[in-house]
Amino acid sequence: MKKIYFLLIGSFLCVEAIAQQNFNDSIALSRNRITEKAMITLGSWAAVNIASGFIIAGQTQGEAKYFWQMNAYWNLINGGLAVMGYLGARKAMARKYGFADNESAQQSIEKLYAFNFGLDLAYIATGLFLREKGMNSTNLKSQDQLKGYGTSIIVQGGFLLLMDGIVLSLHHKNSVRLNKKLKSLELGVGPNGLGLSYAF
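This structure is a prediction, so every number in the text was calculated from the model and none was measured.

Novice: What is the right way to read the packing of aromatic side chains from this model?
Specialist: Each pair of aromatic rings is reported with the distance of its centres and the angle of its planes. Taken as a whole, this structure holds five aromatic pairs when the rule is applied. Pairing W45 with F159 gives two aromatic rings, centres 4.0 Å apart and planes at 5 degrees, and the pair type is stacked. With W45 in helix α1 (residues 2–57) and F159 in helix α4 (residues 140–183), the pair connects residues that are 114 residues apart, well separated along the chain. For W45, a relative accessible area of 25% gives the class partly exposed. Seen in terms of ring centroids, Y66 and Y149 are 5.7 Å apart; in terms of plane orientation they differ by 90 degrees. Their pairing is edge-to-face. Taken together, the residues Y66 in helix α2 (residues 62–92) and Y149 in helix α4 connect sequence positions 83 residues apart.

Novice: Sorry, what's going on with the environment of R177 here?
Specialist: Within the secondary structure, R177 sits in helix α4. Assessed through its relative accessible area of 37%, R177 is described here as partly exposed. Taking the C-alpha atoms as reference points, R177 and I27, separated by 150 residues in sequence, lie 8.1 Å from one another.

Novice: Honestly, the pattern of salt bridges in this entry has me stumped. Any pointers?
Specialist: A side chain with one charge may pair with a side chain of the opposite charge, provided their charged atoms come close. By the definition in use, this model includes four salt bridges. A salt bridge links R33 to E36; its shortest N-O distance comes to 3.2 Å. Of this pair, R33 and E36 both sit in helix α1, three residues apart, which is roughly one turn of the helix. With its nearest N and O atoms 3.0 Å apart, the salt bridge here joins E63 to R131. Highlighted residues: E63 in helix α2 and R131 in helix α3 (residues 99–135), separated in sequence by 68 residues. Since its relative accessible area comes to 28%, E63 is described here as partly exposed. We classify R131 as buried; its relative accessible area is 18%.

Thresholds applied
- Residues numbered from 1 in each chain as written.
- Predicted model: local features only at pLDDT ≥ 70, side-chain atom pairs only at ≥ 80, totals over all residues.
- Heavy atoms only, no water.
- Phe/Tyr/Trp six-rings, centres within 6.5 Å; stacked < 30°, edge-to-face > 60°.
- Helix = DSSP H or I, 4+ residues; strand = E, 2+ residues; numbered from the N terminus.
- Buried < 20%, exposed > 50% of the residue type's maximum accessible area, 1.4 Å probe, protein only.
- Salt bridge = Lys/Arg side-chain N within 4 Å of Asp/Glu carboxyl O.

What follows is the structure, given as structure tokens:
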């Protein structure tokens, strides 16, 4: 009878461990898929802006020229970040995560996108400042350059603000799922020692 009892307990613990690992894998996969898709979106945006920016800048004059020029320059950086981010997400998919690893990774990625969101607002503010400075400039070339660059930075910051806001909300949903699972696990001390209980 004792053997059957221990066999049943062992089977339950084994099934629970597999279920928890599958949950951890699903959280990690979801997090990395979100990042992967975000980097594809950023990379596509960068490619379009680089190509159109250099082509149109060579065919226009004045403020428009500087607008398209800055679009191209700005997205050289975005393109590099997109490639690194995509490769990092692909590499992270091969990892196995425990609850603690997942919690740490979720907190880190949310902080990163929250920081980026604030940075995007700073980009827009900088663009508005450059446009205002351009309008007050007496030098025609400086006026066109400042206004063109300023408008470009506003557009680029606006796109990043939208993208980072969406990605942050998706990562937050993932964190909510993880926190609900963590709250269902309780560590306690009983007559037989330390135990871990799971609330269904």
